[in-house]
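Topology and contacts: notes
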There are 2 protein chains.
Amino acid sequence: MAGRPRFVPLIAGLEEEDRDGVAEANRNFYRAFMRRDLAALEELWASATPVACLHPGQPPLFDRATIMASWQAIMRNPETPAQIKIVEDRLIVRGRMGVVICREVLPKAHLVATNMFVREGDAWKIAHHQSALAPPPKDRPTQPAAAPRRDRRNLH
Amino acid sequence: MAGRPRFVPLIAGLEEEDRDGVAEANRNFYRAFMRRDLAALEELWASATPVACLHPGQPPLFDRATIMASWQAIMRNPETPAQIKIVEDRLIVRGRMGVVICREVLPKAHLVATNMFVREGDAWKIAHHQSALAPPPKDRPTQPAAAPRRDRRNLH
C-alpha cells in the first residue's frame, strides 16, 4: 500500500478491494514459514475468526492451537524444504475476505494451495489453508531454483 | 431464507452475514453433482468472477469451460459414486464472500474440500473448489451409508 494515498473510507463496504493487502498477507505467510518463524506465523493467523487447516493427506484441523502445533512440527522436521516458490497465484477479494489460490513449488514436490484471508481490524489474517499434491505444470514447467533436475515427462 | 422477513439493505456491507445462503449454495452444489445435472452445476458456478478448481491430484484449472468439462467427465465416469455425504461442514461468511470447509464422505474414500462462494447479484455462486484425499475421522467415525464396512483401524 506504500506510495498510494489512503483515505479513511466512510463505509467499509465501499472501500476498494484490497488486493495488495491480501497478496502481502499471503507473501508474509510463506515468508514466516520459510524463516521457521512460528511467532510470526501465529501472528498472521486469525484470532477472532474460526480457523481451519487441511495439510496434505492429513485430517482436517479446526483448533487454533492444534493448527499452530502442526506448523511447528512441519517446520521442525529436517525434511521440510527451506525454500518454497509460490507461482501462479490468483486472488479473489471481496470486502473483508480474500482467497489466494497458488502453486507451492518445492524441490521435490508440487502442491496447490487455497489460502483464505479475513480482515481483523486493520490487518489481513489467514483463517484457512488447504494444500495438496498436484502434478507439475505441463505447459510452463516451473523448475524449482533450489533443485534443478531433468523433467521426467520429457523422456517419453 | 424462507420464513424470515427480508429487507433490502441500504448498503450491502451492512447486511448481516448470509450464512444460510452460503450453506444452501453448498448443498445445491453437491445436489447438482449427485443428480449428474451439469446444467444446474454450471448455473451454480460464478460467471462474473475468476474461477478455480483443484481436483484431487490434478493440475489446477482456471478456465470456466475447462472446469465444466472436468465436472462433466467426472459425472460421466461410471466409477464416480452416486452418493456423497457432506459432514463436518464449517462456514465462514463475510459480506459478499463465503467459504465452506467440509468432508466429502464417499463409499470408498474420504476427502476434504474448500468451497468458495461469491455473491453475484442476488445469488451465491461457487467460484473455487479444492478437494483432496484425507484419512477418515478418528474420533467420530462417519460410516458412509452406501457401503458400511469394517474400519481397518480397529484391527490394531
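Note that the structure is a prediction, hence the values are computed from the model and not measured.

This part covers the pattern of salt bridges. For the coordinates displayed, the defined rule picks out 10 salt bridges over all chains. Across the salt bridge formed by Glu17 of chain A and Arg96 of chain B, the nearest N and O atoms sit 2.9 Å from each other. With Glu17 of chain A in the segment before helix H1 (19–34) and Arg96 of chain B in the loop between strand E2 (85–94) and strand E3 (97–105), this residue pair bridges two chains. Here Glu17 of chain A falls in the partly exposed class, since its relative accessible area comes to 27%. Judged by relative accessible area, which is 31%, Arg96 of chain B ranks as partly exposed.

What follows is about the sheet that holds strand E2 (residues 85–94) of chain A. Residues and elements named next belong to chain A. Taken in spatial order, the 5 strands of this open sheet run E1-E5-E4-E3-E2, and their pairing is mixed. The open sheet has two edge strands with one neighbour each: strand E1 (52–54) and E2. Ignoring which end each strand starts from, the neighbouring axes of this sheet average 20° apart. In terms of strand pairing, E2 meets strand E3 (residues 97–105) through 8 bridges, oriented antiparallel. Bridge pairing in E3 places Lys85 opposite Val105.

All names here are of chain B. Taking 1.5 Å per residue, 16 residues should reach 22 Å; helix H1 (residues 19–34) reaches 23 Å between its end C-alpha atoms and fits that length. All of the buried residues along H1 are Gly21, Val22, Ala23, Ala25, Asn26, Phe29, Tyr30, Ala32 and Phe33. Its buried side turned inward, H1 meets helix H2 (38–44), helix H3 (64–76), E2, E3, strand E4 (110–120) and strand E5 (123–133). Directly after H1, the chain includes Arg36, whose backbone phi takes a positive value near 55°.

A word on the side chain of His55 of chain A. Residues and elements named next belong to chain A. Along the polypeptide, His55 turns up in the loop between E1 and helix H3 (64–76). A distance of 2.8 Å separates polar atoms of two side chains, one belonging to His55 and the other to Ser70. Those residues within four positions of His55 in sequence are excluded, and the remaining contacts are Leu61, Ser70, Trp71, Ile74 and Ser131.

Conventions adopted
- Residues numbered from 1 in each chain as written.
- Chains lettered and ligands numbered in written order.
- Predicted model: local features only at pLDDT ≥ 70, side-chain atom pairs only at ≥ 80, totals over all residues.
- Heavy atoms only, no water.
- Salt bridge = Lys/Arg side-chain N within 4 Å of Asp/Glu carboxyl O.
- Helix = DSSP H or I, 4+ residues; strand = E, 2+ residues; numbered from the N terminus.
- Buried < 20%, exposed > 50% of the residue type's maximum accessible area, 1.4 Å probe, protein only.
- Pairing = 2+ DSSP bridges.
- Axes fitted to C-alpha atoms, helices over the stretch in contact; angles between N-to-C directions.
- Expected span 1.5 Å × (residues − 1).
- Contact = heavy atoms within 4.5 Å.
- Polar contact = N/O pair within 3.5 Å; in protein donor to acceptor, adjacent residues only side chain to side chain.

Everything listed here is a matter of geometry and, on its own, says nothing about what the molecule does.
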